[in-house]
Amino acid sequence: MFSGLSRLWGGRQPDMTADPDDGTLPKFEYGRPDFVGLSEDEVQVSADAQVRPIMIPRDTCRLPWNAGYAEVINSGKSLRNEDQAICEVFSLVDPEDDPLVAGHGNGTEPYHPHDDVVPAKSPKTALDPECKKVVIFGIVDGHAGSEAAVFTSKLLHYHIQEKLSTMQELLFTNKKDKVAENGWPDGQVTADWKDVLPDQLVTGALEAAFHTMDAQIGRERHMYQLTGGCAVIVALFFLDRLYVANAGDCRAVVCRRARPMQLSTDFTPITERQRLQHLAWLRPHLIGDEFTHLEFQQRLTSLDVGRRVLYRDVGMKGWAYKTVTLEDIKFPLIHGDGKRAKLMATIGVTRGFGDHDLRVYNTELYVKPFLSPNPEVRAYDLASQMHDADDVLILASDGLWDVISNEKACELVSSSLSQFAPDDMARYTSAAQELVMYARGILEPKVGWRTVDETPSSSDDISAFVIPLCCYGSNAQMPMSPKLTVGRPADWSDDANSAPAEQPDDVDSDSAKQEVGGQAGDRPDGEASGQQQQQQQ
């Protein structure tokens, strides 16, 4: 009946369109994030699943506001670290302008605040160019291969730049001037025009960019190696606000005065049960004869036919009784609890990019119709409250949150920051390293990786940003204007026939640093700002 699915938990159908031996190559070569600056040899070192070295950027000036970042590979589930990270600064561009004027370089040049001279206001918009500047951080958590995550990390910010740029006339008109009662600023007719808030425009731009990114992966998987998929979370600093767009199970947490405030939802088969059930109910052909959209309190067998059991149907939050029929003993659409929960016995995330060719094992049922690229977007007003140097945004993959609560993360970050002066450039890097070090734990003989609290540590890839909130916005206590790092690639195109993008020049190996096998609790020396020790485990 079910083709042995229950015996092959989580099995994946081989990709029928992308053959590793068919000559196709990735559009972008695998590597670690550009701003970390690892050489090829250091990338190899970072992939040691036995030692699990924690990698951090050597030059904190390469990240806006000296934000912190740290990462570590998994304990052996894959040969590569399938996480990727995004850190870019760009400016909105006018549609008729050359997109390359939006920025320059590839983000590898050291930044100093004096380098970023703000030009005169544009006569067309009469806006300070700083208003049009966007700072973006992101975590991309890949699965079943690294190609989709690398692809997303290289291109998503261009889609966001494009979508936001098309909205800027409305964004800045709403902000600076009132629209004429019966028309747009340029005189176009719109008699039934309704007020649209800037938050709604930014949210729509982010949603459109996420959908466009997923569609591009779907098209270009036939041209390049683009197996697998990825969960994505992005933090956008724009218009005195922090926007968090999340599609997956990564998480964003604001730590203000050592107290956490979660700015994203973990999208899993459990949290999205009603959406998934409703889709299966509306389109039963998507689950065929293999699954049932109903949820039962226990796994049913043929012995349960005729019994009354608790169940939940579409739209139900509570439980009710139902008499079991033969139709009910099909495999449940969602099975398992917590992190073990799987959609169609195949995948543990329900939002993100890619997975276009993913099928349920030994069937012709595609999982993609249930996977949504649509992000949840939340806005956090930075202008309405004051933030000091210890108030941060923690942006991390699920490898961190699997073993650390929001409260514990804030506790670790606050403890780390308290050991550095507010103007120490290494303080946020140290905090990010502290988070990753705790989640990775220590390798103990005959036990495996354990946290310092003697609990199981994370065996997944772990990536984390610690971003200060005091450096941006009209209420900034330590204002810094990040340098533009992003321009549109020369081959930029939305169509499926776009050529491979140019790869950035290799970064000198001296621009990277690493901590190898450090014990939990180690951190960069506060007096040697930015220096990191190498330790043998």
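Counting starts from 1 at the beginning of each chain's written sequence and moves along it residue by residue. Local features in this predicted model are restricted to residues of pLDDT 70 or higher, and side-chain atom pairs are both shown and tallied only at a pLDDT of 80 or more, whereas totals for entire chains, interfaces and linings draw on every residue. Side-chain numbers here rest on the full set of heavy atoms in the structure, without hydrogens or water.

## Topic: the confidence of the model for the chain
Right, so step 1: On a range of 0 to 100, pLDDT expresses the predictor's confidence in each residue. Model confidence for the chain is summarised by a mean pLDDT of 80, while 74% of its residues fall at 70 or above.
Right, so step 2: The contact rule is simple, with two residues in contact once any of their heavy atoms fall within 4.5 Å. Long-range and interchain partners of residues 98-125, a stretch whose pLDDT sits below 50, account for 56 contacts in this model, where long-range means more than four residues apart.
Right, so step 3: Taken as a whole, residues 174-184 scores under 50 in pLDDT and shows 20 contacts with residues more than four places along the chain or in a different chain.

## Remarks on the pattern of salt bridges
Two side chains bearing opposite charge may form a pair once their charged atoms approach each other closely.
Right, so step 1: A carboxyl oxygen of Asp or Glu within 4 Å of a side-chain nitrogen of Lys or Arg is what we treat as a salt bridge. Applying the stated criterion across every chain, the model contains 23 salt bridges.
Right, so step 2: Residue Lys 27 pairs with Glu 220 through a salt bridge whose shortest N-O separation is 3.1 Å. Here Lys 27 is found in the segment before α1 (40-46), whereas its partner Glu 220 is found in helix α3 (residues 198-220), with 193 residues between them in sequence. As far as the burial class goes, Lys 27 and Glu 220 line up, both buried.
Right, so step 3: Of the charged contacts in the structure, one is a salt bridge between Arg 312 and Glu 295, with a shortest N-O distance of 3.1 Å. Note that Arg 312 is positioned in strand β11 (residues 308-312) and Glu 295 in strand β10 (residues 295-296), a separation of 17 residues in sequence.
Right, so step 4: Here the salt bridges do not stand alone but share partners, grouping Asp 249, Lys 339, Asp 398 and Asp 402 into one network. A run of DSSP states H or I qualifies as a helix once it reaches four residues; a run of E qualifies as a strand once it reaches two. Both are numbered from the N-terminal end. Partly exposed describes any residue whose relative accessible area lies between the buried limit of under 20% and the exposed limit of over 50%, with all areas from a 1.4 Å probe on protein chains only and scaled to the type maximum.

## Things to note about the side chain of Ser 457
Right, so step 1: In this fold, Ser 457 is placed in the loop between β20 (448-450) and β21 (462-468).
Right, so step 2: Here Trp 449 takes part through its backbone oxygen, which lies 3.0 Å from a polar atom of the side chain of Ser 457. Pairs of N or O atoms are called polar contacts if they sit within 3.5 Å, as long as, within protein, a hydrogen donor faces a hydrogen acceptor (for residues adjacent in sequence, only side-chain-to-side-chain pairs).

## Side note on the packing of aromatic side chains
Right, so step 1: Ring pairs shown here join Phe, Tyr and Trp side chains whose ring centres sit within 6.5 Å, with only the six-membered ring taken for Trp; geometry is labelled stacked below 30 degrees between planes, edge-to-face above 60, and tilted in between. Counted under the stated rule, the structure contains 13 aromatic pairs.
Right, so step 2: Arranged with centres 4.9 Å apart and planes meeting at 75°, the rings of Trp 65 and Phe 237 form a pair that is edge-to-face. Here Trp 65, found in the loop between β1 (54-57) and β2 (68-72), pairs with Phe 237, found in strand β5 (residues 229-238); they are 172 residues apart in sequence, far enough to count as distant. No difference in accessibility class separates Trp 65 from Phe 237, as the two residues are buried.
Right, so step 3: Residue Phe 237 is classed as buried on the basis of its relative accessible area of 0%.
Right, so step 4: Here the aromatic residues Phe 35, Trp 65, Tyr 69, Phe 137, Phe 237, Phe 465 and Tyr 472 are joined through ring pairs into a cluster of three or more.
Right, so step 5: Here the guanidinium or amino end of Arg 52 rests over the ring plane of Trp 449, the centre of that ring lying 5.1 Å away.
Right, so step 6: A ring has a charge above it when a Lys NZ or an Arg CZ is no more than 6 Å from the ring centre and no more than 35 degrees off the ring normal. The cationic tip of Arg 427 hangs over the ring face of Tyr 428; the distance from NZ or CZ to the ring centre is 5.2 Å.

## What to know about the sheet that holds β11
Right, so step 1: The criterion for strand pairing is that DSSP finds at least two bridges linking the strands in question. One open sheet holds the 3 strands; their spatial order is β10-β11-β12, and the pairing between them is antiparallel. With partners counted over all chains shown, the strands left at the sheet margins are β10 and β12 (320-323), one partner each.
Right, so step 2: With 4 bridges connecting them, β11 and β12 associate as antiparallel partners. Across the sheet, Arg 308 pairs through a bridge with Thr 323, a residue of β12.

## Some words on the nonpolar core
Side chains of nonpolar character tend, in soluble globular proteins, to be buried together.
Right, so step 1: Side-chain atoms within 4.5 Å link the members of a nonpolar core, which is a set of buried Ala, Val, Leu, Ile, Met, Phe, Trp, Tyr and Cys residues. Phe 137, Phe 237, Leu 242, Leu 393 and Phe 465 are the most contacted members of the largest nonpolar core, which totals 63 residues.
Right, so step 2: Counting residues per element, this core draws most heavily on helix α7 (residues 427-440), at 8 residues.
Right, so step 3: Each residue touching Leu 242, except ones within four places of it in the same chain, is listed here: Ala 235, Leu 236, Phe 237, Val 254, Leu 263, Arg 378, Ala 379, Tyr 380, Leu 382, Leu 393 and Leu 469.
Right, so step 4: Formed by 38 residues, the second largest nonpolar core is a distinct cluster that contains Ile 86, Leu 201, Val 202 and Tyr 243.

## Quick notes on the packing of helix α6 (residues 406-417) against α7
Right, so step 1: Where α6 meets α7, the axes come as close as 9 Å, and the angle between the chain directions of the two elements is 140°. Judged by the inter-axis angle, α6 sits oblique to α7. Handedness of the crossing formed by α6 with α7: right-handed. Note on element contacts: α7 touches α6 through Arg 427, Tyr 428, Ser 430, Ala 431, Glu 434, Leu 435 and Tyr 438, opposite Lys 408, Ala 409, Leu 412, Val 413, Ser 416 and Leu 417.
Right, so step 2: For this scheme, ten residues count as nonpolar: Ala, Val, Leu, Ile, Met, Phe, Trp, Tyr, Cys and Pro. Four count as charged, namely Asp, Glu, Lys and Arg, and the remainder, Gly too, count as polar. In terms of residue class, the contact of α6 with α7 is made up of 8 nonpolar, 2 polar and 3 charged. Throughout, an axis means a line fitted to C-alpha atoms (over the contacting stretch in the case of helices), and angles, computed between N-to-C directions, take values from 0 to 180 degrees. Small angles under 35 degrees read as roughly parallel and large ones over 145 as roughly antiparallel, with 65 to 115 read as roughly perpendicular and the rest as oblique. In this scheme the handedness of a crossing depends on how the near helix is turned from the far one: anticlockwise by less than a right angle means left-handed, clockwise means right-handed.

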